[in-house]
Amino acid sequence: MDLAQKHEFADITWYPSKHTAIYRQDDRVPLNSSGNGINDYLGFQSNLILISTSVRSSEKALETTRSVSGKCLMADTVVGYKKLVANGLKNNNLLFTGYPVVGHQGKMQTSGSCLYSSASNTLSTCAWDPRIKGLFFYETTAIFPASKFRNFIRDLKKLRDMKPEHFCGADIYNGFLIRFIKASDAYLGQPEDSVVVDFNYYRANEASTPRLNQDIWEEVEQIAFFKYKAKPHWAKNRNLAFLGVQQKYPNFCKFLAAKKQLDPENMFSSYWSDKIIFGNETEKAEGCAMEGMCICSEDEHCNPSKGYFCKPGIVYSQAKVCRFSASLLA
């Protein structure tokens, strides 16, 4: 919180498996400051299609062979490269030559040259472009009152310290990105100063396919949204993150009244958005926990045929997660 109070646009990137945290100090400078820097964030750069598809193929292979060590080696490479290129920051619009990087707000607070890449380019594109077999991942984003964030991190460290290598899957992407939000009186705003946590992790192409260390990511989700009552980011997250969401906002009824007044014909609503807004759990079915459509309560909600069974959490015993068990599979 000290970092957030001292620097207006600060954030922290935490790589749990690497025991590493990167503190970004980002502030306004006088208008007459010199510099033509840009924040060409690495994850939002256009990449050669061959690179994007190769990265995806490599991660799929590591998932298939259940190679935790391979995931950690991949995370080492990613984190090392990010450090080398300052995660996309560039001095004088060209290369990173050292800190500080000074530039205009339009180039420093917005990021990613992928925005300007040609849609007709047959060699390069955004890594998540659906036309190619590139990156495909989940993104969980939880918003905590600042007063509860410390305990959330303590629980994560307990889970991490048991087997740090199980967190390499998130460190391949962005680790845990920690940002800060000021209190707001908006109906769906945060009533007190808050901390936002984002983390990405592998998603299989086929919904019922289990993920390596699936139980870890499910427990982290449930610690966030159910133990500490974090609010979900409205444009991200798996469906289970929205369970009971209306109880988390004291002005939720006022929001619904304003919504009805401004959009009486529900032009901006859909079956999916209504289900998310009202936080109703999908009817449980075989394999529903694999894609985050439900929280498992029986083995069939996981994928027992591939060795994943419904088990309690390790740190948060009230969590119910899909955990791999070779002995039960046999």
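None of these values were measured; they are calculated from a predicted model. The numbering scheme is per chain: residues are counted from 1 as the chain's sequence reads. Two thresholds apply to this predicted model, a pLDDT of at least 70 for residue-level local features and 80 or more for giving and counting side-chain atom pairs, whereas whole-chain, interface and lining totals are computed over all residues. Hydrogens and water molecules were not included; the side-chain quantities draw on all heavy atoms of the structure.

Participant: Any details on empty space enclosed by the protein? Residues and values, ideally.
Facilitator: Any residue with an atom within 4 Å of a point lines the site, the site being either a cavity, points on a 1 Å grid over the protein atoms alone where a 1.4 Å probe fits but cannot get out, or a pocket, an open set with protein on both sides within 12 Å along at least 5 of 7 lines. Grid points are joined across faces, edges and corners, and a volume is the space filled by probe spheres set on the points. One pass over the full model with this rule turns up three cavities of 30 Å³ or more. There is about 70 Å³ of room inside the largest cavity. In terms of lining residues, the largest cavity is bounded by Glu63, Lys71, His166, Gly169, Tyr201, Tyr202, Arg211, Leu212, Asn213 and Trp217. Classifying every residue of the lining of the largest cavity by side-chain character gives four nonpolar, three polar and three charged. Each residue is assigned to one of three groups, with Ala, Val, Leu, Ile, Met, Phe, Trp, Tyr, Cys and Pro labelled nonpolar, Asp, Glu, Lys and Arg labelled charged, and all others, Gly among them, labelled polar.

Participant: Residues and numbers for the state of the cysteines, please.
Facilitator: Only a pair of cysteine sulfur atoms within 2.5 Å qualifies as a disulfide here. If you walk through the whole model with that rule in mind, you get five disulfides. Note on cysteine connectivity: Cys72 is disulfide-linked to Cys168, with sulfurs 2.0 Å apart. The chirality of the disulfide connecting Cys72 with Cys168 is right-handed, given an S-S dihedral of about 95 degrees. On the criterion of sequence distance, the pair formed by Cys72 in helix α3 (residues 68-84) and Cys168 in helix α6 (residues 168-171) is long-range, its members being 96 residues apart. A single burial state applies to Cys72 and to Cys168, both of which are buried. Here Cys114 pairs with Cys126 through a disulfide, and the sulfurs are 1.8 Å apart. Residues Cys114 and Cys126 are joined through a disulfide that is left-handed, its torsion about the S-S bond being -130 degrees. A residue pair is termed long-range when its members are at least 10 positions apart, and Cys114 in the loop between α4 (105-108) and β6 (124-125) and Cys126 in the loop between β6 and β7 (137-145) qualify at 12 residues. Relative accessible area serves as the criterion here: at 6%, Cys114 is assigned to the buried category. The rule is simple: take the accessible area with a 1.4 Å probe, protein chains only, and divide by the maximum for that residue type; under 20% is buried, over 50% is exposed, in between is partly exposed. For Cys126, a relative accessible area of 14% gives the class buried. Cysteines bonded in the protein chain are numbered consecutively along the chain; their disulfide partners then correspond to 1-4, 2-3, 5-6, 7-9, 8-10. Think of it this way: any DSSP run of H or I at least four residues long counts as a helix, any run of E at least two long counts as a strand, and we number them from the N terminus.

Participant: Describe the pattern of salt bridges, naming the residues involved and giving the relevant values.
Facilitator: Two side chains of opposite charge can pair, provided their charged atoms sit close to one another. One side-chain nitrogen of Lys or Arg within 4 Å of one carboxyl oxygen of Asp or Glu is enough to make a salt bridge. Scanning the entire structure with this criterion turns up 18 salt bridges. Through salt bridges with shared partners, a single network forms among Glu139, Arg179, Asp198 and Lys236.

Participant: Describe in detail the nonpolar core, supporting the description with residues and values.
Facilitator: Of all hydrophobic cores here, the largest spans 38 residues; its most connected members are Phe144, Phe149, Phe152, Phe176, Trp217 and Val220. Among the secondary structure elements, those contributing two or more residues to this core are β1 (11-15), β7, α5 (146-162), β8 (176-181), β9 (194-202) and α7 (214-227). We call two residues contacting when some pair of their heavy atoms lies within 4.5 Å. Beyond its immediate stretch of four places on either side in the chain, Val220 contacts Phe152, Leu156, Leu159, Phe167, Phe176 and Phe199. As used here, the term nonpolar core means buried Ala, Val, Leu, Ile, Met, Phe, Trp, Tyr and Cys residues forming a set that is joined through side-chain atoms within 4.5 Å.

Participant: Lay out the layout of surface pockets in plain terms, naming residues and giving numbers.
Facilitator: Considered as a void within the structure, the second largest pocket measures approximately 510 Å³ in volume. Ranked by residues supplied to the lining of the second largest pocket, first place goes to α5 with seven residues. Class assignment for the residues of the lining of the second largest pocket results in 11 nonpolar, three polar and five charged.

Participant: Can you tell me about a negative patch on the surface, naming the residues and giving the values?
Facilitator: What makes a patch is a set of residues exposed beyond 30% relative accessible area and free of salt bridges, joined within 9 Å when like-charged and within 5 Å when nonpolar (Val, Leu, Ile, Met, Phe, Trp, Tyr). All accessibility values rest on the Shrake-Rupley procedure with a 1.4 Å probe; residue burial counts only the protein chains present in the view. By the counting rule applied here, Lys and Arg register as positive and Asp and Glu as negative, while His and the ends of each chain are not counted. The atoms used to mark charge sites are NZ of Lys, CZ of Arg, CG of Asp and CD of Glu. Taken together, the side chains of Glu286, Glu298, Asp299 and Glu300 define an acidic patch exposed on the protein surface. Residue Glu286 is classed as exposed on the basis of its relative accessible area, which comes to 71%.

Participant: Quick rundown of the environment of Phe144? Include the residues and the values.
Facilitator: Relative to the assigned elements, Phe144 resides in strand β7. Measuring from C-alpha to C-alpha, the distance between Phe144 and Ala230 comes to 4.8 Å, with 86 residues separating the pair along the chain. When residues no more than four places from it in sequence are discounted, the contact partners of Phe144 are Phe149, Phe152, Asp193, Ser194, Val195, Val197, Ala224, Tyr228 and Ala230.

Participant: Quick rundown of the packing of α5 against α7? Include the residues and the values.
Facilitator: Axes here refer to lines fitted to C-alpha atoms; in helices the fit is confined to the stretch in contact. Angles between the N-to-C directions go from 0 to 180 degrees. It is the contact of α5 with α7, at a shortest axis distance of 11 Å, that shows an interaxial angle of 160 degrees. Relative to α7, the element α5 is oriented roughly antiparallel. The chirality of how α5 crosses α7 is right-handed. Between α5, through Phe152, Asp155, Leu156 and Leu159, and α7, the contact on the second element is made entirely by Ile216, Glu219, Val220, Ile223, Ala224 and Lys227. In what follows, roughly perpendicular refers to angles from 65 to 115 degrees, roughly parallel to angles under 35, roughly antiparallel to angles over 145, and oblique to any angle outside these ranges. Helix crossings get a hand from a simple test, with the near helix turned counterclockwise from the far one by less than a right angle marking a left-handed crossing and a clockwise turn marking a right-handed one.

Participant: Lay out a nonpolar patch on the surface with the relevant residues and their values.
Facilitator: Where nonpolar side chains cluster on the molecular surface, the patch consists of Leu48, Leu50, Ile51, Val55 and Leu123 and spans about 480 Å² of accessible area. Among the elements that make up the nonpolar patch, the one with the highest residue count is helix α2 (residues 49-64) (three residues). Mapping Leu50 onto the fold places it in helix α2. For Leu50, a relative accessible area of 63% puts it in the exposed group.

Participant: Pulling in residues and values, what's your account of the UniProt feature "domain: D-arabinono-1,4-lactone oxidase C-terminal" (unreviewed entry) in the protein chain?
Facilitator: UniProt positions are given in the numbering used here, feature names are shortened, and annotations may be inferred rather than shown by experiment. UniProt marks residues 144-275 with the feature "domain: D-arabinono-1,4-lactone oxidase C-terminal" (unreviewed entry), using the numbering shown here. As annotated, residues 144-275 comprises 39% helix and 14% strand, and the C-alpha atoms at either end are separated by 23 Å.

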